[in-house]
Amino acid sequence: MTPETESYDIVVVGGGTAGCFAAATAAREGLDVVLLERKSEEEGGYIACGDGIKGKSTFPDVVDRDRLRDESFTNEGITRGIFENPQTGESIDIPFGQTGAVVDRWKYGQILLDETDRAGAEIHYNTVVNDVVQPNGRVEGVKAVREGDPLEYEADIVIDGAGALSVLQDKADLSTSTFDTNVNYSQFCSAYREVLELPEPVDWDDALVFKPTEELGYLWYFPRSATEINVGLGFQMSQEPMELVDVLKDDIASRAEFAGATVKNKLGAALPTRRPYDSAVHPGYMAVGDAAAHVNPCTGGGIPGAAKAGHWAAEVATEAIADGDVSEHALWEYNERVQTDFGKRFAAMDLYNIFGTAHDLDELVSVVTALPGQQLVDAIGKKGTAEMGLGLKLKTIIKTVGHWDTLYELYKVQSAAGSLKDVYDSYPDSPDHFGAWRKERDAVMDRVYDVTGAEPKY
Ligand SMILES: Cc1cc2nc3c(=O)[nH]c(=O)nc-3n(C[C@H](O)[C@H](O)[C@H](O)COP(=O)(O)OP(=O)(O)OC[C@H]3O[C@@H](n4cnc5c(N)ncnc54)[C@H](O)[C@@H]3O)c2cc1C
């Protein structure tokens, strides 16, 4: 029996942050949009996450942002980071330039889905996408099972917001375009988190707390409120596997403030800790959010990037559909917007991960804890590169006796991060010049592998 077919202008796969912002944007532009989500309406928006958001005003204006904030941002008073040194037990305070927030992730997801519906997109829950429709190279739709029944959705453009390791990319033949298929599980992080309810309030509910762990990961403690803490950790899958649940349990047990805590919720998932895809477009197809690695590869923060990418993809898709041209050239502007915005910053941050793979934890912690707080903010925060005055340099040098080679390497990596951002600023305006651009970018990467001795990541 031939499955039933439904037709839309745009099919969005996945009802996470990226998919919701894509669908809401396209629906507000007047397009006929369907969003397909494998979860039920009740479970929609339930996602493993640290719940921390930096820069809460960065969401595109296609949903009711005040409502999202009022109803799901449980702690809007985050003003600093605390970086704990696992060797000495000491910690350093890092003031954030802008305040951040911790959210109730399920509520946030539910409101986003509701706002997407209010924007005019159709949402089909309990709908698992398992293949693409691609008769002649161009992606023309997807195959799915909806509440047990197979059906096809055809569309001018499919937006893939299906999250990390999206099944659509396994199924589609993307070899005839520039779409980045140089993707491997070792470029991902495996992460796990619990939500704890505490009998007594913590006195650091204005802070995001980080503590480095073995295997290039970190533990986090993010306060949804003074008595509800999101605790979690992850490790880079290029390293030895880590017993996430046990390591977390031991750390929780070692902290006096968590005595008597009850676990309200547990969940784990993979997330991309690599540079954003070099290109995330193919005729009739665009990838957004985790499905295109739009995540800060050092902090794992992916919510703001997913929101922006979804919005930009839908804007470019809308224009392409109006022009009757959904080719790679027509969709290319989306790549350009990503790469010259957060793309360049995340690509630069990735260099610090690569640097990290070539050193052990003790060495990294010694160097990192010797850096002044602002340096760290610059390095893991907004800019992706850092400048240091002579006085601070001298202090740092004294504190890092025994690790000067590593420190020198770090400075070289910082300088490469600066060059890399310049290269990303000149991301080509069409796929015609993509090959030359990639050569230039890869030359910077070779320099980093040379300096650090790290195994090539890509
Ligand atoms: C443990 C952990 C902690 C994190 N902590 C933070 C943090 O503190 N701050 C932060 O900013 N980011 C954090 N992130 C990253 C952040 O959660 C993601 O980057 C973000 O959710 C990406 O949004 P997305 O819409 O691209 O994907 P997702 O949120 O993963 O959404 C994908 C959606 O697609 C659906 N789907 C998947 N496959 C199919 C299919 N075949 N058919 C139909 N539907 C499908 C899924 O059910 C899901 O609803 C964390 C991630 C993890 C794993």
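Residues numbered from 1 in each chain as written. Predicted model: local features only at pLDDT ≥ 70, side-chain atom pairs only at ≥ 80, totals over all residues. Heavy atoms only, no water.

Trainee: Lay out the pattern of salt bridges with the relevant residues and their values.
Mentor: Taken as a whole and assessed by the stated rule, the structure comprises 27 salt bridges. The shortest N-O distance in the salt bridge between Arg255 and Glu257 comes to 3.4 Å. Overall, the relative accessible area of 10% leaves Arg255 in the buried class. With relative accessibility at 28%, the residue Glu257 sits in the partly exposed group. Put simply, Lys457 and Asp350 hold a salt bridge, and the shortest N to O gap is 2.6 Å. One end of the pair, Lys457, is in the segment after α12 (434-452); the other, Asp350, is in helix α7 (residues 328-357), and 107 residues separate them in sequence. Residue class for Lys457 comes out buried when judged on its relative accessible area of 17%. The class of Asp350 is buried, set by a relative accessible area of 0%. A network of salt bridges, in which partner residues are shared, links Asp51, Glu197, Arg224, Glu228 and Lys264. (Salt bridge = Lys/Arg side-chain N within 4 Å of Asp/Glu carboxyl O. Buried < 20%, exposed > 50% of the residue type's maximum accessible area, 1.4 Å probe, protein only. Helix = DSSP H or I, 4+ residues; strand = E, 2+ residues; numbered from the N terminus.)

Trainee: Help me get a handle on the site of the ligand, residues and values and all.
Mentor: With respect to spatial proximity, 37 residues lie near the ligand, and among them Ala18, Glu37, Gly50, Gly52 and Asp290 are the closest. Take Arg105: an N or O atom from its side chain is 3.4 Å from an oxygen atom of the ligand. Between the ligand and the protein, one listed contact pairs an oxygen atom with a side-chain N or O atom of Asp290 at 2.6 Å. Burial of the ligand by the protein chains amounts to 94% of its free accessible area of 1,000 Å². Of all the secondary structure elements, the ones that give two or more residues to the shell around the ligand are α1 (17-28), β7 (127-133), β12 (217-223), β14 (262-272) and α6 (303-323). Across the shell around the ligand, the residue classes tally to 18 nonpolar, 13 polar and six charged. (Near = heavy atom within 4 Å. Polar contact = N/O pair within 3.5 Å; in protein donor to acceptor, adjacent residues only side chain to side chain. Areas by Shrake-Rupley, 256 points an atom, 1.4 Å probe, with all protein chains shown as cover. Nonpolar A, V, L, I, M, F, W, Y, C, P; charged D, E, K, R; others polar.)

Trainee: Quick one: what's the story with the packing of aromatic side chains, residue by residue and with numbers?
Mentor: Counted according to the given criterion, the structure contains 20 aromatic pairs. With a centroid separation of 5.0 Å and an interplanar angle of 85 degrees, the aromatic rings of Tyr424 and Trp437 are classed as edge-to-face. On the criterion of sequence distance, the pair formed by Tyr424 in helix α11 (residues 404-425) and Trp437 in helix α12 is long-range, its members being 13 residues apart. A single burial state applies to Tyr424 and to Trp437, both of which are buried. Sitting over the ring of Tyr221, Arg255 keeps its end group 4.2 Å from the ring centre. For Arg275, the ring lying beneath its charged end belongs to Tyr458, and the centroid distance is 3.6 Å. (Phe/Tyr/Trp six-rings, centres within 6.5 Å; stacked < 30°, edge-to-face > 60°. Lys NZ or Arg CZ within 6 Å of the ring centre and 35° of its normal.)

Trainee: Account for the sheet that holds strand β11 (residues 207-213), naming residues and giving values.
Mentor: Taken in spatial order, the eight strands make up an open sheet running β3-β5-β4-β11-β12-β13-β10-β14, and their pairing is mixed. Each edge of the open sheet is held by one strand with a lone partner, namely β3 (52-54) and β14. For this sheet, the mean inter-axis angle between neighbouring strands, taken without regard to orientation, is 30 degrees. With eight bridges joining them, strand β4 (residues 73-84) and strand β5 (residues 91-103) adopt antiparallel strand pairing. When the bridges of β5 are listed, Asn75 appears paired with Val102. (Pairing = 2+ DSSP bridges. Axes fitted to C-alpha atoms, helices over the stretch in contact; angles between N-to-C directions.)

Trainee: With reference to specific residues and values, describe the confidence of the model for the protein chain.
Mentor: Overall, the prediction assigns the protein chain a mean pLDDT of 90, with 90% of residues at 70 or greater. Contacts of residues 379-386 to residues separated by more than four positions or lying in other chains number 32 contacts, the stretch itself having pLDDT below 50. (pLDDT = per-residue confidence, 0-100. Contact = heavy atoms within 4.5 Å.)

Trainee: Let's hear about the nonpolar core: which residues, and what values?
Mentor: Of all hydrophobic cores here, the largest spans 99 residues; its most connected members are Met286 and Tyr334. In terms of residue count, the dominant contributor to this core is α7 (12 residues). If you count residues domain by domain, this core takes at least three from each of domain 1 (4-65 + 106-183 + 274-340) and domain 3 (345-452). Counting 19 residues, the second largest nonpolar core, distinct from the first, contains Val202, Trp204, Val209 and Tyr221. (Core = buried A, V, L, I, M, F, W, Y, C linked by side-chain atoms within 4.5 Å. Domains from an automatic or database assignment.)

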